[in-house]
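Commentary on secondary and tertiary structure
Here is how the chains run, residue by residue.
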Amino acid sequence: MTELDLAALRAEYARSGLTEADLAPDPMGMFRRWFDEAVAAGLHEPNAMVVATADAGARPAARLVLLKGLSDDGFVFFTNTRSRKGEELAANPACALLFPWHPLERQVRVDGTVSPLSADEVAAYFASRPRGSQLGAWASHQSREVGGRDELTAAYDEAAARYPEPAPVPVPDEWGGYAVRPEAVEFWQGRPGRMHDRLVYRRAATGWTTVRLAP
Ligand SMILES: Cc1cc2nc3c(=O)[nH]c(=O)nc-3n(C[C@H](O)[C@H](O)[C@H](O)COP(=O)(O)O)c2cc1C
């Protein structure tokens, strides 16, 4: 077996740089530009983001979630509101997002606060999901312990029997979505010699200020 030498595993970042002159006037415009470049580069699931929450005792937790919209209120995702993340966001609406776009030697970090989406927004998105995912949302009380795979399969089959086609599948009570209103958004571009570019937008009384951070 080959020895694991993590200390020697490293890459030099030299694809491009990020200057103050490159910045869009606001972070959502800048995010949109980088997101489009991530799509154009063929990244797998470029809308997959790490969502970090913390419970009332400040213990952090992180997981991948799909970005499903960019609204005036910010970054939108959907989930089970009684999941671990949902319970944590109810107790503490502070939230951080991370887009790990390593093939582009980039990451985007967002610090913000969540607000729940309206029932209409949730219903509109739920209706756009494949029927299987809709039934899965009924079958899964996300983050709670289950006795085994069979229990989940039985819950799915029960939901499928309860909501036969072609009638639409209603939105489960515990299913919902959040918008993360950004307070700060950092655009990080890898550079040679670990001299990376880090430009951060910070929300000001009106508009945004930008600063550069040491890498
Ligand atoms: C690529 C990817 C995308 C995911 N997208 C979502 C999502 O949009 N919503 C969601 O609730 N869970 C999503 N998950 C599952 C979450 O990572 C997580 O397992 C689940 O939400 C429960 O997290 P929690 O117990 O911390 O609440 C995704 C997982 C992966 C790997």
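These notes cover the structure that comes with them. Keep in mind the model is a prediction, meaning the values are calculated, not measured.

**Details of the nonpolar core**
For soluble globular proteins, the rule of thumb is that nonpolar side chains tend to be buried together. Ranked by size, the top nonpolar core spans 30 residues in total, and within it Phe-31, Leu-97, Phe-99, Trp-101, Val-108 and Phe-187 carry the most contacts. Taken together, the elements giving at least two residues each to this core come down to α1 (27-40), β1 (48-54), β4 (74-80), β5 (94-101), β6 (106-116), β7 (175-189) and β8 (197-203). The element that contributes the greatest number of residues to this core is α1, accounting for five residues. Ignoring anything within four residues of it in the chain, the contact list for Phe-187 reads Leu-18, Pro-27, Met-30, Phe-31, Trp-34, Gln-107, Val-108, Asp-197, Arg-198, Leu-199 and Tyr-201. Counting 13 residues, the second-largest nonpolar core is a separate cluster that includes Val-76, Leu-117, Tyr-125 and Ala-137.

**Brief notes about the site of the ligand**
In the vicinity of the ligand, the contacting residues are Glu-45, Arg-63, Leu-64, Val-65, Leu-66, Phe-78, Thr-79, Ser-83, Arg-84, Lys-85, Gln-142 and Ser-143. Separating an oxygen atom of the ligand from a backbone N or O atom of Arg-84 is a distance of 3.3 Å. Lys-85 has a polar side-chain atom sitting 2.6 Å from an oxygen atom of the ligand. Relative to its unbound accessible area of 620 Å², the ligand is 65% covered by the protein chains. Those elements that place two or more of their residues in the shell around the ligand are β2 (60-66), β4 and α2 (84-91). Among the elements that line the shell around the ligand, the one with the most residues is β2, at four residues. When the residues that make up the shell around the ligand are grouped by side-chain class, the tally is four nonpolar, four polar and four charged.

**Remarks on the packing of aromatic side chains**
Evaluation of the coordinates by the stated rule reveals 16 aromatic pairs. Centroid distance Phe-126 to Trp-175: 5.0 Å. Interplanar angle 65°. Geometry classified as edge-to-face. Placement of Phe-126 in helix α3 (residues 119-128) and of Trp-175 in strand β7 is noted, with a sequence separation of 49 residues between them. The same class applies to Phe-126 as to Trp-175, namely buried. Between Phe-187 and Tyr-201 the ring centres are 5.7 Å apart and the planes differ by 75°, which places this aromatic pair in the edge-to-face class.

Analysis parameters
Residues numbered from 1 in each chain as written. Predicted model: local features only at pLDDT ≥ 70, side-chain atom pairs only at ≥ 80, totals over all residues. Heavy atoms only, no water. Core = buried A, V, L, I, M, F, W, Y, C linked by side-chain atoms within 4.5 Å. Buried < 20%, exposed > 50% of the residue type's maximum accessible area, 1.4 Å probe, protein only. Helix = DSSP H or I, 4+ residues; strand = E, 2+ residues; numbered from the N terminus. Contact = heavy atoms within 4.5 Å. Near = heavy atom within 4 Å. Polar contact = N/O pair within 3.5 Å; in protein donor to acceptor, adjacent residues only side chain to side chain. Areas by Shrake-Rupley, 256 points an atom, 1.4 Å probe, with all protein chains shown as cover. Nonpolar A, V, L, I, M, F, W, Y, C, P; charged D, E, K, R; others polar. Phe/Tyr/Trp six-rings, centres within 6.5 Å; stacked < 30°, edge-to-face > 60°.

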